Amino acid sequence: MSKDFEKKEWVDLASKELKDKKLENHFWDTPEGIKVKPLYTADDLKVIKHKIGLPGLPPFTRGPRATMYSNRPWTIRQYAGFSTAEESNKFYKEGLKNGVMGLSVAFDLATHRGYDSDHPRVVADVGNAGVAIDSIEDMNKLFDGIPLDKMSVSMTMNGAVIPILACFIASGLEQGCPLEKLTGTIQNDILKEFMVRNTFIFPPKPSMRIVADIIEYTSKKMPKFNSISISGYHMQEAGANQVQELAYTLADGEEYIKIALDRGLNIDDFAPRLSFFWSIGMNFFMEIAKMRAARYMWSEIVSKFKPKNNKSLALRTHCQTSGVSLMEQDAYNNIVRTTIEAMAAVMGGTQSLHTNSFDEALALPTKFSARIARNTQLILAEETGICNVVDPLAGSYYLESLTSSMIEEAKKLINEIDEVGGMVKAIELGIPKMRIEESAAKRQAKVDSQEETIVGVNKYKPTEEQEINILSIDNEEVRKKQLDSLKKVKESRNHDDVVKFLEKIKDAAKDESKNLLEICVEAAKKRCTVGEMTEAMEGVFGRHVLSTKTISGVYGKTVNNSEKINSINHHIDNFINEKGRRPRMLVVKMGQDGHDRGAKLIATAFSDLGFDVDVGPLFQTPEEAALQAIENDVHFVGVSTLAAGHKTLVPLLINSLKKHDASYIKVICGGVIPPQDYDFLHELGVSKVFGPGTNIQEAAIEIINLL
């Protein structure tokens, strides 16, 4: 039988089967607006709009290195940091003994926001969700026994990026590691902070100046160090679809190139050390296509600046499996989710990878869960044969078509950014933030309506409760240790040197011809603290305050009109008849946690469901939240919490309400709260606790019943 005949027979058979099942015109519309056909053939490769090429050569669609994993697997990283520097150091050393090849440091929220551990606004944030770093002494403890001339260190830091990088550099120098041997990455991506994550400190203009100072210093003195990690991860975590993550991240990258060129740097002096950071979610092929599209598009973007070195065109990336895909319900399913996401990252050609632990929807990862997450990568690297072939999915009919579609859709969003004058202007206008919040609301509505399945959450729910051991940090104990350590540093240092260098930092902040990082490295050596260096810059730059805005109508238009919606309408009508007004809520984020996806989702969804909703500003203290609740005459306060501060902040909020004779205002909590803490919160007087994956409509009904 001839091959042509075989092909004709197969096409006829396939066409008949598609018609019989009425699938020939059936398209799946992705959240990004891309139409996906049920069948792709070789003909689809004839119309793709990108060049597939070869790995290691422009446009790098197939990977930045010619040999990829066949020569060396991706770097297995463990993103971790908790409690004190000493405790984190033990965790790092354990990981290094068990296959981890590079360290990724998570800092606590007090450090992210440039506050020392003794600042009154951070009582609940010290050592939670990351390690507390107040000075070079903490950095020395963090890397004690870990040679910085041999170990690659990635640091997720954007707000207090200058003092933290300064402490790292100074610590390396004290360890005997010369600047040119320091390897790793500093995130240093402030545009993304203004867009979604919100751990900024200074206003946009001086923040961009700081980015340029770091690129300049590292390109001249630290040739092995990545000066910036342009991050889409937090965009997807905030609700962005993959096309939005792709477009806005690349647009951020182009903005950083422009400020470095404005500083007088040559494109080839810094572009080869720019890196990227993607979130990898559950849409397997979309994530792989995103990474291929990103490399192709970045090569196009950088080409505009006429580099002479091909390495300037190559997009190198770190990836992390999605945190927002982790669910509290049926939590062991998260192991499977993380494995699928890790596979997508590897098939997409990542240079390094962190795999999340299955219990992170409940609390910080335990040693047990962290080992499973780490071993997931080791199994992929050493048991599957994935590393034997370079870019095994190249030329896939579906994947290459999807890659072209993503490029086309991402360019539309980038054009929208360019039309308003670039990413800085677009962020000031709130365009990316609005688009991302709309995407988050649409997806939540589809999950709540069961149009999108999440196994164990809105379908195939478990019939038995699972008991999962969690890691709990004693925030008060950690803070006490940090305060003792900070006191010793301040007592042992030369006070005159500290005053002199803090003045130098202020002078440099006023004079853009001076490099702030260079001066802060010397200040760190003199034991100036992170908070002191930040405060010195803040005195010149000011501290940025974000205006609170929410979208409306998106959740309500997307969600199915169901029995639950009818029930909510009925309950609200009854409430209005009885009380004379709608149920009113205040949504608050207390402490220094800037992740506001959950809070924004609740605010927009409850508003669309018929509640009157006020949203408190980020970074409130419990006292400030209580006073706003009383002033706005709300029926209840919804506390959104992610960073393990609930055991400190919620009691303070309830006490503040009592102090002001407002105990009639009910308190409800939602977010990453271990089930073991529910009873503790209920005993305090919290009316309801909702974990990740809660159906918003069901929560609304429960809350109205409470009122």
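Residues numbered from 1 in each chain as written. Predicted model: local features only at pLDDT ≥ 70, side-chain atom pairs only at ≥ 80, totals over all residues. Heavy atoms only, no water.

Novice: Quick question: what am I supposed to make of the overall build of the protein here?
Specialist: Looking only at helices and strands, one finds 28 helices and 16 strands in the protein. Against the compact-globule benchmark of 27 Å for 707 residues, the protein has a radius of gyration of 26 Å, which places it among compact chains. Based on the C-alpha atoms only, the size of the protein along its principal axes is roughly 90 × 70 × 50 Å. For the protein, with 707 residues in total, the buried portion stands at 58%. Considering only contacts in the protein between residues 6 or more positions apart, those separated by 24 or more positions represent 79%. Summed over its atoms, the accessible surface of the protein is roughly 29000 Å², and 51% of this surface lies on carbon and sulfur atoms. A gap of 4 Å separates the mean positions of the 87 positive and 96 negative side-chain charges of the protein. (Helix = DSSP H or I, 4+ residues; strand = E, 2+ residues; numbered from the N terminus. Rg over C-alpha atoms; globule rule 2.2 N^0.38 Å. Buried < 20%, exposed > 50% of the residue type's maximum accessible area, 1.4 Å probe, protein only. Contact = heavy atoms within 4.5 Å. Areas by Shrake-Rupley, 256 points an atom, 1.4 Å probe, with all protein chains shown as cover. Lys, Arg positive; Asp, Glu negative; His and termini not counted. Charge placed at Lys NZ, Arg CZ, Asp CG, Glu CD.)

Novice: Explain the pairing of strand E5 (residues 152-155) here, please?
Specialist: Each regular strand shows side chains that alternate between the opposite faces of the sheet. Side chains of E5 alternate between two faces, with Ser-152 and Ser-154 and Val-153 and Met-155 buried alike. Of the pairings in the sheet, the one linking strand E4 (residues 102-105) to E5 comprises four bridges and is parallel in character. Its bridge partner being in E5, Ser-104 is matched across the sheet by Ser-154. Across three bridges, E5 lies against strand E6 (residues 184-186) in parallel orientation. Its bridge partner lying in E6, Met-155 is registered against Ile-186. Crossover connection from E5 via helix H6 (residues 161-175) to parallel E6: handedness right-handed. (Pairing = 2+ DSSP bridges. Right-handed = clockwise from strand over helix to strand, strands pointing away.)

Novice: For this particular structure, what's the right way to read the sheet that holds strand E14 (residues 636-641)?
Specialist: Across a sheet, paired strands are connected by hydrogen bonds in the backbone, their directions being either parallel or antiparallel. One open sheet accounts for five strands, arranged E13-E12-E14-E15-E16; its pairing is parallel. Since the sheet does not close on itself, it has two edges, and those belong to strand E13 (612-615) and strand E16 (688-690), each with one partner. Strand after strand, the sheet turns through a mean of 20° between neighbouring axes, direction not considered. Strand direction decides the pairing type here: strand E12 (residues 584-588) and E14, joined by four bridges, are parallel. In the sheet register, Leu-586 faces E14, and the bridge partner there is Val-637. (Axes fitted to C-alpha atoms, helices over the stretch in contact; angles between N-to-C directions.)

Novice: Looking at this structure, how should I read helix H7 (residues 190-197)?
Specialist: Along an α-helix, a turn takes 3.6 residues, which lines up residues three or four apart on a common side. Most of H7 is tucked away, with eight of its eight residues classed as buried. By the burial criterion, the buried members of H7 are Ile-190, Leu-191, Lys-192, Glu-193, Phe-194, Met-195, Val-196 and Arg-197. Where H7 starts, the residue carrying a side-chain oxygen 3.5 Å from the main-chain nitrogen of Lys-192 turns out to be Asp-189. Looking one or two residues past H7, Asn-198 carries a phi angle of roughly 75°, positive in sign. (Polar contact = N/O pair within 3.5 Å; in protein donor to acceptor, adjacent residues only side chain to side chain.)

Novice: Please clarify how a nonpolar patch on the surface should be interpreted in this entry.
Specialist: A contiguous nonpolar patch, built from Met-282, Val-336 and Ile-340 and spanning about 230 Å² of accessible area, is present on the exposed surface. Looking at the element boundaries, Met-282 is found in the loop between strand E9 (274-280) and helix H12 (284-303). On the basis of relative accessibility, which here comes to 37%, the residue Met-282 falls in the partly exposed class. (Patch = residues over 30% accessible without salt bridge, like charges linked within 9 Å, V, L, I, M, F, W, Y side chains within 5 Å. Salt bridge = Lys/Arg side-chain N within 4 Å of Asp/Glu carboxyl O.)

Novice: Explain the packing of helix H23 (residues 563-579) against helix H28 (residues 696-706) to me, please; I cannot follow it from the model alone.
Specialist: Pairs of packed helices are described in terms of their axes, by the angle between the two and the distance that separates them. Viewed as axis vectors pointing N to C, H23 and H28 meet at an angle of 25°, and their least axial separation amounts to 10 Å. Between H23 and H28, the angle falls in the class roughly parallel. The chirality of how H23 crosses H28 is left-handed. Contacts between H23 and H28 pair Lys-564, Ile-565, Ser-567, Ile-568, His-571 and Ile-572 from the former with Gln-697, Glu-698, Ala-700, Ile-701, Ile-704 and Asn-705 from the latter. Looking at the contact of H23 with H28 residue by residue, the classes come out as six nonpolar, four polar and two charged. (Parallel < 35°, antiparallel > 145°, perpendicular 65-115°, else oblique. Left-handed = near helix turned anticlockwise from the far one by under 90°. Nonpolar A, V, L, I, M, F, W, Y, C, P; charged D, E, K, R; others polar.)

Novice: Is there a simple way to think about the nonpolar core in this case?
Specialist: In summary, soluble globular proteins display a tendency toward joint burial of nonpolar side chains. Among the nonpolar cores identified, the biggest contains 82 residues, and Trp-74, Leu-246, Leu-250, Tyr-256, Trp-278, Trp-298 and Met-423 are the most heavily contacted of them. Residue contributions to this core peak at eleven residues, all from H12. The contacts of Leu-250, once residues within four sequence positions are left out, are Phe-276, Ala-294, Met-297, Trp-298, Ile-301, Leu-315 and Ile-414. With 59 residues, the next largest nonpolar core counts Ala-85, Leu-148, Met-151 and Val-498 among its residues. (Core = buried A, V, L, I, M, F, W, Y, C linked by side-chain atoms within 4.5 Å.)

Novice: Would you take a moment to explain the packing of aromatic side chains for this structure?
Specialist: A ring pair, where both rings are aromatic, is described by two values, the distance of the centres and the angle of the planes. Under the definition given, this model contains 16 aromatic pairs. Their ring planes at 70° and their centres at 5.1 Å tell us that Tyr-69 and Trp-74 sit as a pair that is edge-to-face. Judged by its relative accessible area of 8%, Tyr-69 is buried. Pairing Phe-611 with Phe-636 gives two aromatic rings, centres 6.3 Å apart and planes at 85°, and the pair type is edge-to-face. Of this pair, Phe-611 sits in the loop between helix H24 (597-608) and E13 while Phe-636 sits in strand E14; the two residues are 25 residues apart in sequence, bridging distant segments of the chain. On the basis of relative accessibility, which here comes to 3%, the residue Phe-611 falls in the buried class. Connected via pairs of aromatic rings, a cluster forms that spans Tyr-40, Phe-284, Phe-285 and Tyr-398. Lying over the aromatic face of Phe-619, Arg-113 brings its terminal NZ or CZ to 3.5 Å of the ring centre. (Phe/Tyr/Trp six-rings, centres within 6.5 Å; stacked < 30°, edge-to-face > 60°. Lys NZ or Arg CZ within 6 Å of the ring centre and 35° of its normal.)

Novice: It is not clear to me how the packing of helix H8 (residues 204-221) against helix H20 (residues 516-525) should be interpreted in this structure. Could you clarify?
Specialist: Close contact between H8 and H20 brings their axes to 8 Å; oriented N to C, the two are set at 75°. With respect to their mutual orientation, H8 and H20 come out roughly perpendicular. Seen from H8, the contacting residues are Arg-209, Ile-210, Asp-213, Ile-214, Tyr-217 and Lys-221; seen from H20, they are Leu-516, Leu-517, Glu-518 and Val-521. Each residue belonging to the contact of H8 with H20 can be placed in one class, and the counts come to six nonpolar, no polar and four charged.

Novice: Would you explain the environment of Asp-269 in this entry?
Specialist: Of note, Asp-269 is situated in helix H11 (residues 267-270). Asp-269 sits 151 residues away from Val-420 along the chain, and the two C-alpha atoms are 29 Å apart.

Novice: When you look at unusual backbone geometry in this model, what are you seeing that I'm missing?
Specialist: Trans peptide bonds make up most of the peptide bonds, and negative phi angles are found at most residues other than glycine. For the peptide bond that leads from Pro-58 to Pro-59, omega is 5°, which places it in the cis range. By secondary structure assignment, the location of Pro-59 is in the loop between strand E2 (35-36) and helix H2 (68-71). With a phi angle near 45°, Met-68 is a residue other than glycine that sits in the positive phi range. Summarising the element assignment, Met-68 is placed in helix H2. In this structure Met-68 comes out as buried when scored by relative accessible area, which is 3%.

Novice: Honestly, the pattern of salt bridges in this entry has me stumped. Any pointers?
Specialist: Should the charged atoms of two oppositely charged side chains come close, the side chains can pair. Tallied over the full model, the rule gives 46 salt bridges. Residues Glu-287 and Lys-290 are paired through a salt bridge, measuring 2.6 Å at the closest nitrogen-oxygen approach. A residue pair is termed a helical-turn pair when its members lie 3 or 4 positions apart in one helix, as Glu-287 and Lys-290 do in helix H12 at three residues. Accessibility assignment for this pair places Glu-287 and Lys-290 in one class, buried. Among the ionic pairs, Lys-659 bridges to Glu-623, the shortest N-O distance being 3.3 Å. Placement of the pair is Lys-659 in helix H26 (residues 646-659) and Glu-623 in helix H25 (residues 622-631), with a sequence separation of 36 residues. Via salt bridges that share partners, Arg-209, Asp-213, Glu-216, Lys-220 and Arg-263 belong to a single interconnected network.

Novice: Help me understand the pairing of strand E15 (residues 666-671) in this model?
Specialist: Relative to E15, E14 runs parallel, the two being bridged by six bridges. By the bridge assignment, Gly-638 is partnered in E15 with Ile-668. The pairing of E15 with E16 spans three bridges and is parallel. Each bridged residue has a counterpart across the sheet, and for Ile-668 the counterpart in E16 is Lys-688. Assessed by its sense of winding, the connection that carries the chain from E15 through helix H27 (residues 678-684) to E16 is right-handed.

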